[in-house]
Amino acid sequence: MPDLSLERECGGIVAGVDEVGRGPWAGPVVAAAVILPPDLPGELADGLDDSKKLKAARREFLCAALKDCAGIDIGIGAASVLEIEQHNILAATYIAMRRALDALGQIPQTALIDGNRLPPDLPCDGRTVIKGDSISLSIAAASIVAKVTRDRIMTDLSARYPAYCWERNSGYGTQQHQDGLKTAGVTCHHRRTYAPIARMLNARC
């Protein structure tokens, strides 16, 4: 289970940063940055974990609890489909992470970044943490906030584009999504540089 060991090791103000949405065929990539207090309430200290290990209802509960808890600073950033197409998904992920850090109420002294690559031009020192959402509580919190935020975005988009079942698949290339592409075509929210979407567009030229 994640804990605050890395945060204490770094010292000072530490933000955990994580992203969600690199793999989907549609929608933005979303990142969150979270600064946790040292006296985190027990229900959060014991409940936070890698968002992929939690059911949707549990993620929603924890996201609300994080936002309601005094002393927790949350920043959210996103990079659009256009930015993903212009820069590539890795660079767009870095953009989203920097925006999340910029959206915090304070500049941290250290950012713990989930993964093995450090975004350039961070506003503070950075440290990569492989599988950080299973190690660091602040990264786990960021993973939950980012996941809940992006899922809500895709659910809202699904109300306008129901053929793709984005409220169920979050834009990933499931069979439902593929069936929607066959019947309703490609939207402005699809990532046209992604191979499955590019192949479909080329086939229609």
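This section reports on the structure supplied with the text.

Analysis parameters
- Along each chain, numbering runs from 1 in the same order as the chain's sequence is written.
- Local features in this predicted model are restricted to residues of pLDDT 70 or higher, and side-chain atom pairs are both shown and tallied only at a pLDDT of 80 or more, whereas totals for entire chains, interfaces and linings draw on every residue.
- Side-chain numbers here rest on the full set of heavy atoms in the structure, without hydrogens or water.
- Here a strand is any run of E in DSSP of at least two residues, a helix any run of H or I of at least four, and the numbering for each starts at the N terminus.
- Residue count minus one, scaled by 1.5 Å, sets the expected span of a helix.
- Burial classes: relative accessible area under 20% of the type maximum marks a residue as buried, over 50% as exposed, and values in between as partly exposed (1.4 Å probe, protein chains only).
- We call two residues contacting when some pair of their heavy atoms lies within 4.5 Å.
- Nitrogen and oxygen atoms within 3.5 Å of one another constitute a polar contact, given that in protein one can donate a hydrogen and the other can accept it, and given that sequence-neighbouring residues count only through two side-chain atoms.
- Between any two strands, at least two bridges found by DSSP are needed for them to pair.
- The convention used is that axes are lines fitted to C-alpha atoms, helices contributing only their stretch in contact, and that angles between N-to-C directions extend from 0 to 180 degrees.

**So, helix α5 (residues 89-102)**
Across its 14 residues, α5 extends 20 Å between first and last C-alpha, which sits within 8% of the 20 Å expected from 1.5 Å per residue. What α5 keeps buried is the set A92, T93, Y94, I95, A96, M97, A100 and L101. If you follow the buried residues of α5, they end up packed against β1 (14-20), β2 (29-35), β3 (73-79), α4 (81-87) and β4 (110-114). Its side-chain oxygen placed 3.0 Å from the backbone nitrogen of L90, N88 serves as the N-cap of α5.

**Quick word on the pairing of β3**
Here β3 shows a clear split, with D73, G75, G77 and A79 buried on one side and none of I74, I76 and A78 buried on the other. In the sheet, β2 pairs with β3 via seven bridges, with the strands oriented antiparallel. Bridge assignment links A32 to a residue of β3, and that residue is I76.

**Examining the sheet that holds β4**
By way of backbone hydrogen bonds, the strands of a sheet pair with one another, either parallel or antiparallel. A sheet is described by the order of its strands in space; here five strands give the open sequence β3-β2-β1-β4-β5, paired in mixed fashion. Pairing within the sheet leaves two strands with one partner each, and these edge strands are β3 and β5 (125-129). Across the sheet, the mean angle separating the axes of adjacent strands is 20° when strand polarity is ignored. In terms of strand pairing, β1 meets β2 through six bridges, oriented antiparallel. Looking at the pairing, V20 lines up with V30 of β2. Across the face of the sheet, helix α6 (residues 137-160) comes into contact with β1, β2, β3, β4 and β5 while running at roughly 35° to β1.

Treat this as a map of the structure, not an account of what it does.
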